[in-house]
Amino acid sequence: MNTVISTVGLRKTYGRVHALDGLDLSVSAGQVHGFLGPNGAGKSTTIRILLGLARSSGGTPRLLDADPWHDAAALHRRIAYVPGDVSVWPNLSGGEAVDLLVRLRGGDPRSASYRAERERLFSAFQFDPRTAGRAYSKGNRQKISLIAAFALPAELYILDEPTSGLDPLMEIVFQQEVARVSAAGATVLLSSHILSEVERLCDHVSIIRAGRIVESGTLTELRHLTRTEVSFDDDGTIPAGAQDVVAESGRIRFTVDPADMPATLTTLANAKVQGLRVNPPSLEELFLRHYGTCAETRRGSAA
């Protein structure tokens, strides 16, 4: 099975609202796949359909070569899910909540391998399992879901804003755990607003807008869709391919299309410019390519 997640023409309507409008998503086995889009773009609706928590209005969703609506119970024993807002049982301790979540996935909390892995994760996430659920902060409730997800091996991890409420140190631990399960062969679908986190962890990215995928591919492929930023000490040199040229604080800064980069670097080398910096296009630039115009329009309307 090479394709772990597949949606073809996926639609979901709530009355007159089209939450998904023909979404085509494909995630291959072994990928760490970033799923990007602002609130209301359709990310959580897609995930709810994949988990069998909502039924699609049209199109075909497939998860691990099964129907997520009809085969939800069997699929949930093969996947691990972390939501962005975790609620826990107020009278159960954190450790008891983790064990219960693992049992719901078909795991045995009494097994030695699970208990060793659970203790390792308690230590890594600096989590006190003895506290009652009602006393946990948002970050600690998030840790319960993360520990339960990573303590039991899964074929697929669906992570929807999983680091919400975590401090930067715990975000690093999370990233290490994603790298660990990925190295073991698992597939990860990561929905996140933290673009630097996606850029660090994911090898493939899909961007959703108005219920449809507008860009999808490897980070290397998608970077070719944006320009590289070049800057150096101002000596008056302006290469032929330079765009959006700005001269300030004694430096020249501009952007260059990928096709013009070789000629631009040759010109700068011949001119012997000083303090040269070349910044490759970031995931943020790619994201703003689709959403920046909308944001500017909204700000203008508000003004």
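Residues numbered from 1 in each chain as written. Predicted model: local features only at pLDDT ≥ 70, side-chain atom pairs only at ≥ 80, totals over all residues. Heavy atoms only, no water.

A. Region of interest: the pattern of salt bridges. Counting across every chain of the model gives 15 salt bridges. Salt-bridge contacts for Glu229 lead to Arg253; the nearest nitrogen and oxygen are separated by 3.8 Å. Remark: Arg253 occurs in strand 12 (residues 251-256) and Glu229 occurs in strand 10 (residues 228-233); sequence separation between them is 24 residues. Judged by its relative accessible area of 31%, Arg253 is partly exposed. In this structure, Arg253 and Glu248 form a salt bridge, with 3.3 Å as the shortest nitrogen-oxygen distance. When its relative accessible area of 43% is taken as the criterion, Glu248 is described as partly exposed. (Salt bridge = Lys/Arg side-chain N within 4 Å of Asp/Glu carboxyl O. Helix = DSSP H or I, 4+ residues; strand = E, 2+ residues; numbered from the N terminus. Buried < 20%, exposed > 50% of the residue type's maximum accessible area, 1.4 Å probe, protein only.)

B. The arrangement of unusual backbone geometry in detail. You will see that Ser249, though not glycine, has its phi angle at about 55°, which is positive. Relative to the elements of secondary structure, Ser249 occurs in the loop between strand 11 (243-248) and strand 12. With a phi angle near 55°, Lys272 is a residue other than glycine that sits in the positive phi range. Its place among the elements puts Lys272 in the loop between helix 9 (261-271) and strand 13 (277-279).

C. Structural detail: a nonpolar patch on the surface. On the surface, Leu265, Leu276 and Val278 cluster together into a nonpolar patch covering about 220 Å² of accessible area. With respect to the element layout, Leu265 can be found in helix 9. Classification of Leu265 by relative accessible area gives partly exposed; the value is 35%. (Patch = residues over 30% accessible without salt bridge, like charges linked within 9 Å, V, L, I, M, F, W, Y side chains within 5 Å. Areas by Shrake-Rupley, 256 points an atom, 1.4 Å probe, with all protein chains shown as cover.)

D. Structural detail: the confidence of the model for the protein chain. Confidence in the prediction of the protein chain, expressed as mean pLDDT, is 90, and 93% of residues score 70 or more. Taken together, the stretch residues 294-303 has pLDDT below 50 and engages in one contact with residues farther than four places along the chain or on a different chain. (pLDDT = per-residue confidence, 0-100. Contact = heavy atoms within 4.5 Å.)

E. Quick peek at the sheet that holds strand 4 (residues 58-63). Across the sheet, three strands lie side by side as 2-1-4; this open sheet has antiparallel pairing. Looking at the sheet topology across the chains shown, the edges are occupied by strand 2 (17-28) and strand 4. Each neighbouring strand pair of the sheet contributes to a mean axis angle of 15°, computed without reference to strand direction. Here nine bridges tie strand 1 (residues 3-14) to strand 2, and the two strands are oriented antiparallel to one another. Considered in strand 2, the bridge of Thr13 is made with His18. Of the strands in this sheet, strand 1, strand 2 and strand 4 touch helix 1 (residues 43-50), which is tilted by about 115° from strand 1. (Pairing = 2+ DSSP bridges. Axes fitted to C-alpha atoms, helices over the stretch in contact; angles between N-to-C directions.)

F. Fine view of the nonpolar core. Formed by 46 residues in total, the largest nonpolar core has its most connected members in Tyr157 and Val205. Looking at which element gives the most residues to this core, the answer is helix 5 (residues 138-151), with seven residues. For Val205, the contacting residues outside a window of four places in its chain are His33, Gly34, Leu36, Val198, Glu215, Ser216, Gly217, Leu219, Leu222 and Leu283. Counting residues in each nonpolar core, the second largest holds 23 residues, with Ile5, Leu23, Leu75 and Ile79 among its members. (Core = buried A, V, L, I, M, F, W, Y, C linked by side-chain atoms within 4.5 Å.)

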